[in-house]
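Close look at the chain arrangement
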Amino acid sequence: MVSGPAREGHERHEGHDERRKEGRDQGHDEQRDEGHDEGHDERRGKDRPGPEHPPRILIVGGGYVGMYAALRLQRKLRRGEAQVMVVDPEPYMTYQPFLPEAAAGSISPRHVVVPLRRTLDKCEVVIGEAVAISHAKRTATIKTLATKEEGTGAVHISYDELILAPGSISRTLPVPGLAEYGIGFKTVEEAIGLRNHVLEQLDIASSTRDPDVRDAALTFVFVGGGYAGVEALAELEDMARYASRYYHNLQPDDLKFILVEASGRILPEVGEEMGRYAIRELRGRNIDVRLETRLQSCENRVAVLSDGARFPTRTVVWTTGVKPHPVLAATDLPLDQRGRLKCTAALRVDGVEHAWAAGDAAAVPDLTADEPGKECAPNAQHAVRQAKVLARNVLASLRGDGLEDYKHKYVGSVASLGFHKGVAHVYGKKLKGYPAWFMHRAYHLSRVPTFNRKARVLSEWILSGLFKREIVSLGSLENPRAEFELAADTGRHPEAS
Ligand SMILES: Cc1cc2nc3c(=O)[nH]c(=O)nc-3n(C[C@H](O)[C@H](O)[C@H](O)COP(=O)(O)OP(=O)(O)OC[C@H]3O[C@@H](n4cnc5c(N)ncnc54)[C@H](O)[C@@H]3O)c2cc1C
């Protein structure tokens, strides 16, 4: 069985007139030549216009750029003007700035994600992963859960306009032991996994008689001083020291948190002065902030730093920035030396018709920069705004109108440093402590998509102000069959992480 979209598309066009049939057959022949023999979708070229065949806009990635662009397109497209298909391996968009709060337990994991099917109710949502794109043939190769289950490999989805927005992945370095022991912090699964892991370490430390095991369990190393690393560290430290009160044999000061940063500053997004304040705030909480220091190895669960320090630890969180998604290299589109799609200020892939990109995956010229040749930084502030301009330009291009250039001056940033603590530098205004934390929450509440999410997040914050924090680890959720395997006497005993 061929999965969803290709098959649906195929069936929808059965029995149409000869001209369309010819077009479809042509498309199939081209694909067969390449050895693609499963899950074909019909070509949707501009040579086959008509009300039954509106052009297809394929959006790869349903994150900030993909979801916001699709949202705008579904609102603005006239009936029959175009069909929008969104492909993402997950059925939701993740509001990444809320991941640190999700890790701390202040927001439930399901409230930091936005369901694509409900939000994009006029789009066709396909849960799958683009593995290759031939823009010359206007075809994307997609693996879905069904194709994996069926063992058929992939489906080939054709399109007329492509919006490529798969974002980025964690940038790693060849540090010995990192691949085995490192934990990333980019997805909701990683954030919740890390929360459970940290709480589990308190349980290990509390129940062991071995001082080495206890020390390693209570030592948490975070590598990377950007907003993802600092916010994750600050929120988790706050939560873990609070949780330690409920252990009869742990004291908050028994926990050792270390922040390792290769440059001489942290949180460059909030400027130098606020970055220095953040260091003072973290050090004041007994967090060991090590600047101009690198992680050299974490083999055998020992973090070795470039300043000679060695920390036996069961937790190394790696947040040293991002690199463009590897699927970009599996396309025939032009990339820059860092592997991002080369784009014009109008968010079109440079020199290519009908291909568009924005966000972390795209190198977009920053027209507001003082020096020429600068590109927009990979952050949500640009991604959301670019998505809106991109959608407007795709519509303009379909309608034969002129394109608009993307131009936005970075307005600064806000960062949470734990409950009631924060730092902000926005529109030239610098804030710290409670006002910055409040601003952080107010800003992100105004930004998180849909009224539904805003209401749910706000009610969670209100409730968490009234009641004590949740401090339970649900790590066993990662192994839901363990209990039944015991009952069925399979002899398999899943190992603790
Ligand atoms: C912890 C954390 C905190 C952050 N905080 C802030 C902040 O406070 N302020 C700020 O401005 N920025 C922040 N950012 C950065 C911001 O979230 C990103 O810059 C933004 O998400 C980029 O948007 P995007 O659409 O390019 O990528 P994403 O939002 O990452 O979306 C990419 C989408 O593509 C999908 N995808 C991946 N591969 C494929 C594939 N092969 N086929 C189909 N789909 C695919 C993914 O599942 C994902 O849904 C933070 C990031 C993190 C990790």
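Each remark here, short or long, concerns the structure printed above.
This section reports on the structure supplied with the text. (Residues numbered from 1 in each chain as written. Predicted model: local features only at pLDDT ≥ 70, side-chain atom pairs only at ≥ 80, totals over all residues.)

This part takes up the overall build of the protein. Across its full length, the protein holds 15 helices and 24 strands. Residues classed as buried in the protein amount to 43% of the 497 residues present. Of all intrachain contacts in the protein linking residues separated by at least 6 positions in sequence, the fraction that spans at least 24 positions is 66%. (Helix = DSSP H or I, 4+ residues; strand = E, 2+ residues; numbered from the N terminus. Buried ≥ 20, exposed ≤ 12 C-beta atoms within 10 Å, placed from the backbone. Contact = placed C-beta atoms within 7 Å.)

Another point: the site of the ligand. Close contacts around the ligand come from 34 residues, with Gly61, Gly63, Gly167, Gly359 and Asn379 the closest. Elements supplying a minimum of two residues to the shell around the ligand: helix H3 (64-76), strand S2 (83-88), strand S5 (124-134), helix H10 (227-244) and helix H12 (380-399). Among the residues making up the shell around the ligand, the classes are represented as 19 nonpolar, ten polar and five charged. Residues from two domains meet in the shell around the ligand; each of domain 1 (1-168 + 322-410) and domain 2 (178-320 + 412-475) gives at least three. (Near = placed C-beta within 6 Å. Nonpolar A, V, L, I, M, F, W, Y, C, P; charged D, E, K, R; others polar. Domains from an automatic or database assignment.)

Strands sit in the order S14-S15-S16 across an open sheet of three strands; the sheet is antiparallel. Edge strands, defined here as strands with exactly one partner in the open sheet, are strand S14 (295-297) and strand S16 (310-312). In this sheet, neighbouring strand axes are inclined to one another by 35° on average, regardless of whether the strands run parallel or antiparallel. (Pairing = 2+ DSSP bridges. Axes fitted to C-alpha atoms, helices over the stretch in contact; angles between N-to-C directions.)

With that settled, the discussion passes to the packing of helix H8 (residues 188-207) against H10. Across the interface, H8 lies against H10 with an axial gap of 10 Å and an inter-helix angle of 35°. The handedness of the crossing between H8 and H10 is right-handed. On H10, the residues that touch Leu194, Val198, Leu199 and Leu202 of H8 are Leu236, Ala240, Ala243 and Ser244. Here the residues of the contact of H8 with H10 are counted per class, giving seven nonpolar, one polar and no charged. (Left-handed = near helix turned anticlockwise from the far one by under 90°.)

Turning our attention to the environment of Glu261. Within the fold, Glu261 resides in the loop between strand S12 (256-260) and helix H11 (271-284). Separated by 59 residues in sequence, Glu261 and Thr320 place their C-alpha atoms 8.5 Å apart. What Glu261 contacts, discounting residues up to four positions off in sequence, is Gly224, Gly225, Ile266, Arg290, Leu291 and Thr293.

Another point: the sheet that holds strand S6 (residues 139-144). In space, the seven strands of this open sheet follow the order S7-S6-S5-S2-S1-S8-S20, with mixed pairing throughout. Lying at the two open borders of the sheet, with one neighbouring strand each, are strand S7 (155-158) and strand S20 (355-357). Averaged over all pairs of adjacent strands, the angle between their axes in this sheet comes to 40°, without regard to strand direction. Contacts between H12 and the sheet are confined to strand S1 (56-60), strand S8 (161-164) and S20, with S8 contributing the most and set at about 170° to the helix.

Our next topic: the nonpolar core. Soluble globular proteins: nonpolar side chains tend toward being buried together. With 128 residues, the main nonpolar core has Ile59 and Ala357 as its most contacted residues. For this core, the leading source of residues is H10, giving ten residues. Of the residues that make up this core, three or more belong to each of domain 1 (1-168 + 322-410) and domain 2 (178-320 + 412-475). (Core = buried A, V, L, I, M, F, W, Y, C linked by C-beta atoms within 7 Å.)

Turning to the pairing of S12, a few remarks are in order. Counting buried residues along S12, four of its five residues qualify, which places the element largely inside the surrounding structure. Note on the crossover from strand S11 (residues 219-223) through H10 to S12: the handedness is right-handed. Crossover handedness for the path S12 to H11 to strand S13 (residues 287-290): right-handed. (Right-handed = clockwise from strand over helix to strand, strands pointing away.)

Before going further, it helps to examine the packing of H3 against H12. Running from N to C, H3 and H12 point in directions that differ by 35°, and their axes come no closer than 8 Å. Seen along the crossing, H3 lies across H12 with a hand that is right-handed. Residues Tyr64, Val65, Tyr68, Ala69, Arg72, Leu73 and Lys76 of H3 form the contact with H12, whose own contacting residues are Ala380, Ala383, Val384, Gln386, Ala387, Lys388, Leu390, Ala391, Val394 and Leu395. Of the residues assigned to the contact of H3 with H12, the class counts are 13 nonpolar, one polar and three charged.

This part covers the environment of Thr139. Checked against the element boundaries, Thr139 lands in strand S6. Separated by 81 residues in the primary sequence, Thr139 and Leu58 have C-alpha atoms spaced 9.6 Å apart.

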